[in-house]
Amino acid sequence: QVQLVESGGRLVQAGGSLRLSCAASERYPMGWFRQAPGNERKFVAAINWSGGRTEYADSVKGRFTISRDNAGNTVFLQMNTLKPEDTAVYYCPATLSTGFYPYTRDSAYNYWGQGTQVTVSS
């Protein structure tokens with residue numbers, strides 16, 4: 001069973017920064033999605049198995065960066081210049097698929113973490 005543990009979410013002022021972490025039991029292609037109240041879950045960022053390729057939603061390009069640690073089991077989401085519309089529960093999924101490119105669809109992921117709340121105040 002794949003275990004995913006997210007952390008790092010908290011209340012922050014607009015314009016501030018946060019770094020989310022997602023610790024996995026092994027190395028997998030992984031991503032970050034978010035869900036605001038009343039909204040569907042949406043893609044934020046993804047990274048492939050090696051860490052050599054990443055993908056971002058247009059709404060976060062230039063502000064968010066997804067990366068892995070050296071061991072590869074932990075994935076980070078560095079979030080800069082945060083906006084109130086970034087407020088959501090952030091989820092970190094992992095996939096057993098072995099494609100070269102990062103996965104941007106939530107249906108591609110097999111396992112999901114419990115989520116971490118990010119709140120950006122204006």
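Residues numbered from 1 in each chain as written. Predicted model: local features only at pLDDT ≥ 70, side-chain atom pairs only at ≥ 80, totals over all residues. Heavy atoms only, no water.

Draft legend 1. Fine view of the packing of aromatic side chains. Evaluation of the coordinates by the stated rule reveals six aromatic pairs. With centroids separated by 5.6 Å and ring planes inclined at 70°, the aromatic side chains of Phe33 and Phe43 adopt a geometry described as edge-to-face. Of the two residues, Phe33 is situated in strand β4 (residues 30–35) and Phe43 in strand β5 (residues 42–47); the sequence distance between them amounts to 10 residues. By relative accessible area, Phe43 is classed as buried at 17%. Aromatic pair Tyr103 and Tyr109: ring centres 6.4 Å apart, planes at 80°, arrangement edge-to-face. Owing to a relative accessible area of 17%, Tyr103 belongs among the buried residues under this scheme. Taking relative accessible area as the criterion, Tyr109 reaches 6% and is therefore assigned buried. Every member of this aromatic cluster is reached through a ring pair, and the members are Phe33, Phe43, Tyr103, Tyr109 and Trp112. Sitting over the face of the ring of Phe76, Arg19 holds its NZ or CZ atom 4.1 Å from the ring centroid. (Phe/Tyr/Trp six-rings, centres within 6.5 Å; stacked < 30°, edge-to-face > 60°. Helix = DSSP H or I, 4+ residues; strand = E, 2+ residues; numbered from the N terminus. Buried < 20%, exposed > 50% of the residue type's maximum accessible area, 1.4 Å probe, protein only. Lys NZ or Arg CZ within 6 Å of the ring centre and 35° of its normal.)

Draft legend 2. Structural view of the nonpolar core. Within the largest apolar cluster, 34 residues are counted, with the highest numbers of intra-cluster contacts made by Met30, Trp32, Leu77, Met79 and Tyr90. The set of elements that each furnish at least two residues to this core consists of β3 (18–24), β4, β5, β7 (64–68), β8 (74–79), β9 (88–91) and β12 (116–121). Top contributing element to this core by residue count: β5, with five residues. For Leu77, the residues in contact, after removing those within four places along its chain, are Leu18, Arg19, Leu20, Trp32, Val44, Ala45, Phe64, Thr65, Ile66 and Tyr90. (Core = buried A, V, L, I, M, F, W, Y, C linked by side-chain atoms within 4.5 Å. Contact = heavy atoms within 4.5 Å.)

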